[in-house]
Structures are given as structure tokens and as C-alpha cells.
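Listed here are the chains, written in short residue letters.
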Amino acid sequence: MSRVLVTGGSGFAGGHLVEACRAAGDDVVTAERANGIDLLDAAAARAAMSDAAPEVVYHLAARAHVGQSWEDPAGTLRDNLAMTGNVLEAVRAGAPEAVVVAVSSSEVYGPAERLPIEESSPLRPQNPYAVSKAASDLLAGFYADAHGLRVVRARAFNHSGPGQEPTYAIASFARQAAVATVQGAPVLRIVTGNPDTRRDYTDVRDVVRAYRALAERGEPGVFNVCSGVSRSARELLTGLAEAAGLELEHVVDPALVRPNEVMELRGSAAALQATTGWEPEIPIERTLADTVAWWREQLQL
């Protein structure tokens with residue numbers, strides 16, 4: 001059991017992490033605007049850290065949507081880097097012995113020179129969000145090197161599951177599937193951009209287990225959090241239709257194809273597995289089925 005501070009605890013992965021920590025008996029405090037703490041305010045971040053006196057800090061707070069980052073690139077970079085800097089400074093000033101799990105993203109890698117992507121792969125971000133996470137990731141590494149903080153960088157690949165906002169692909173498709181089942185429609189009609197991009201998906205409940213495993217290890221380093229298997233949008237849509245018991249009608253809209261699209265992201269979690277023993281436990285079929293079921297419950301409330 002630990003005294004834990006979670007930033008972004010009201011978000012998708014953050015909510016699952018808070019639940020997992022509390023289930024394990026941790027004393028959890030969250031730091032976010034929802035409870036009056038603005039991490040863009042350095043003084044507020046320091047005060048929150050001092051009040052919490054944590055043994056473990058999980059930093060998940062971020063402006064996290066790739067598509068929205070194209071609309072406000074400067075704001076995305078400014079806010080994500082500022083929040084990370086303020087949290088790390090607050091740790092340095094108020095909790096220098098704490099383990100910090102700084103959650104990064106596979107988006108920092110961009111188009112890989114080879115697959116699977118390892119932690120030594122060069123950073124080549126291809127969208128404003130990815131640039132902001134690469135900068136934050138490097139800043140976290142700097143605080144470990146320059147100030148001796150126990151910062152673990154977790155580069156999370158795509159993750160999904162119950163509770164995710166429908167601005168993300170699987171959540172959006174699952175919500176549409178749930179709507180179709182609630183309305184009694186026999187066909188699931190979904191419009192997408194490029195259906196052949198491939199991403200490495202892990203269930204969010206497995207991802208937060210990885211974060212906790214890294215916190216228990218407590219030594220600085222960089223670790224991919226991923227399944228090691230990539231799936232295309234076509235495959236995911238087929239799986240969602242099957243989970244909902246519907247026939248699929250898939251329409252590709254060229255207007256939805258993103259510029260600078262990375263065709264495949266697939267990671268290696270070998271370092272994480274060797275260090276902590278973590279492995280993903282929840283198959284993608286359960287992730288899809290649970291997400292559709294969660295949306296059905298929400299629609300029927």
C-alpha cells in the first residue's frame with residue numbers, strides 16, 4: 001500500500017488507475033481541475049504535492065486527442081509541456097523520494113524504421129500531440145538525469161476499454177454499435193478514414209496494471225506498454241460488429257483521412273515484461289465486447 005497522487009484521475013486511463021490503486025489498498029489523491037487544482041499553475045502544483053506527500057506520482061494529465069491537436073498545435077504543446085514541468089518541479093521541491101510514473105505515448109515514435117518498436121527507436125513525432133508528448137517525455141528524462149528523481153517513463157501504445165470518450169476510434173465505433181443494438185437495427189453502418197492503418201491495442205485495465213508494476217519497480221527508465229500485436233481499423237470494426245451481433249456496412253470517407261498518417265505502430269514490451277513480469281491478460285475480443293456493453297448501459301440509463 002502506498003500514498004499515491006494521480007494527475008488526470010478523472011480521465012479515461014486515470015479513472016481506471018485510481019480504481020486499481022484503491023482496490024489494492026493505496027491511499028489515493030487526485031490533482032486536476034475537477035477538484036480545484038490547475039496543473040498549469042506552478043504554485044498550485046507545488047501546493048498539491050506538498051499536501052499529498054506522495055510516495056508514488058502517476059502523471060497522466062494531458063490534452064490527449066491527436067485530431068484536436070491539429071486545431072490548436074501551439075496550445076497543445078504549451079499545456080502538455082507546462083503541466084509536466086510543473087509536476088516534476090513540484091516533485092523535486094516537495095516529494096523528491098517519490099517514484100514518478102510519467103505517462104508518455106507511442107505517438108512519439110512516428111513512422112518506425114523497423115517493427116516492433118523498441119525503446120531505443122528514434123523519436124519522430126508526426127502530429128502536434130505527439131510533439132508535445134515527445135517534449136514532455138524528454139523533460140521527464142532530464143529530471144531523472146539532472147536531479148536524480150526516480151522517474152519512470154511509460155510509453156503507452158493505443159489502449160481502449162469501458163469508459164473511453166467517443167472522440168477515440170474504438171470508443172466511437174463501440175458507441176455506434178451499442179446505439180444500433182438498442183434501436184434494433186440489423187446493420188452497423190460506420191464511416192471511417194483510412195481503414196488500413198494498424199495500431200497496437202491493449203486493454204486499459206492491463207495498461208494501468210503496467211503502470212502500477214513500474215511504480216513498484218521504482219527505478220528510472222523507459223518502457224513501452226503494449227500488446228505487441230497490431231490490428232487494422234477493418235479488423236476492429238469486424239470484431240465490434242460480431243460483439244454486437246450485427247452485420248457490418250463499412251464506408252470509407254477520403255475526407256476523414258488524416259495528413260501524415262503513420263500506417264503502423266506496433267511495439268515491443270520485452271523490457272517491461274523482463275523488468276516487472278507484466279503481460280497483457282485481456283484479449284481484444286473482451287475489450288470490444290465490454291466496451292459495447294458499457295455503452296449499452298450508458299444509453300439505457
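Nothing here was measured: the structure is a model prediction, and the numbers come from that model.

This next bit is on the overall build of the protein chain. Broken down by element type, the protein chain carries 10 helices and 12 strands. Taken against the 2.2 N^0.38 rule, which gives 19 Å for 301 residues, the C-alpha radius of gyration of the protein chain at 19 Å falls within 12% of a compact globule. Here the C-alpha coordinates of the protein chain stretch approximately 60 × 45 × 40 Å along the principal axes. Expressed as a percentage of its 301 residues, the buried residues of the protein chain come to 49%. In the protein chain, the proportion of contacts linking residues at least 24 apart, taken out of those at least 6 apart, comes to 81%.

Between the first and last C-alpha of helix α10 (residues 284–299) there are 23 Å, a value that for 16 residues agrees with the 22 Å anticipated at 1.5 Å per step. On the buried face of α10, the contacting elements are β6 (159–160), α6 (169–183), β9 (202–203), α7 (204–217), β11 (230–232) and α8 (233–244).

A cluster of nonpolar side chains, contributed by L77, L81 and V131, occupies part of the molecular surface with about 190 Å² of accessible area. Mapped onto the elements, L81 comes out in helix α4 (residues 73–94).

Another aspect to go through is the pattern of salt bridges. Two side chains with opposite charge may pair up if their charged atoms get near one another. Considering all chains together, one arrives at 18 salt bridges under this definition. Residue R78 is joined to D79 by a salt bridge in which the shortest nitrogen-to-oxygen separation is 3.1 Å. For D79, a relative accessible area of 11% puts it in the buried group. When salt bridges that share partners are traced, they join R63, D72, R78 and D79 into one network.

On inspection of all chains with the given rule, the structure shows 3 aromatic pairs. On the numbers, 6.2 Å between centres and 35° between planes, the contact of Y109 with F157 is tilted. Placement of the pair is Y109 in the loop between β4 (99–105) and α5 (128–147) and F157 in the loop between β5 (150–156) and β6, with a sequence separation of 48 residues. Y109 gets classed as buried once you look at its relative accessible area, which sits at 1%. On the accessibility criterion, F157 (1% relative accessible area) is buried. When the ring of F142 is compared with that of Y143, the centres are 5.5 Å apart and the planes differ by 90°; the resulting orientation is edge-to-face.

Conventions adopted
Residues numbered from 1 in each chain as written. Predicted model: local features only at pLDDT ≥ 70, side-chain atom pairs only at ≥ 80, totals over all residues. Heavy atoms only, no water. Helix = DSSP H or I, 4+ residues; strand = E, 2+ residues; numbered from the N terminus. Rg over C-alpha atoms; globule rule 2.2 N^0.38 Å. Buried < 20%, exposed > 50% of the residue type's maximum accessible area, 1.4 Å probe, protein only. Contact = heavy atoms within 4.5 Å. Expected span 1.5 Å × (residues − 1). Patch = residues over 30% accessible without salt bridge, like charges linked within 9 Å, V, L, I, M, F, W, Y side chains within 5 Å. Areas by Shrake-Rupley, 256 points an atom, 1.4 Å probe, with all protein chains shown as cover. Salt bridge = Lys/Arg side-chain N within 4 Å of Asp/Glu carboxyl O. Phe/Tyr/Trp six-rings, centres within 6.5 Å; stacked < 30°, edge-to-face > 60°.

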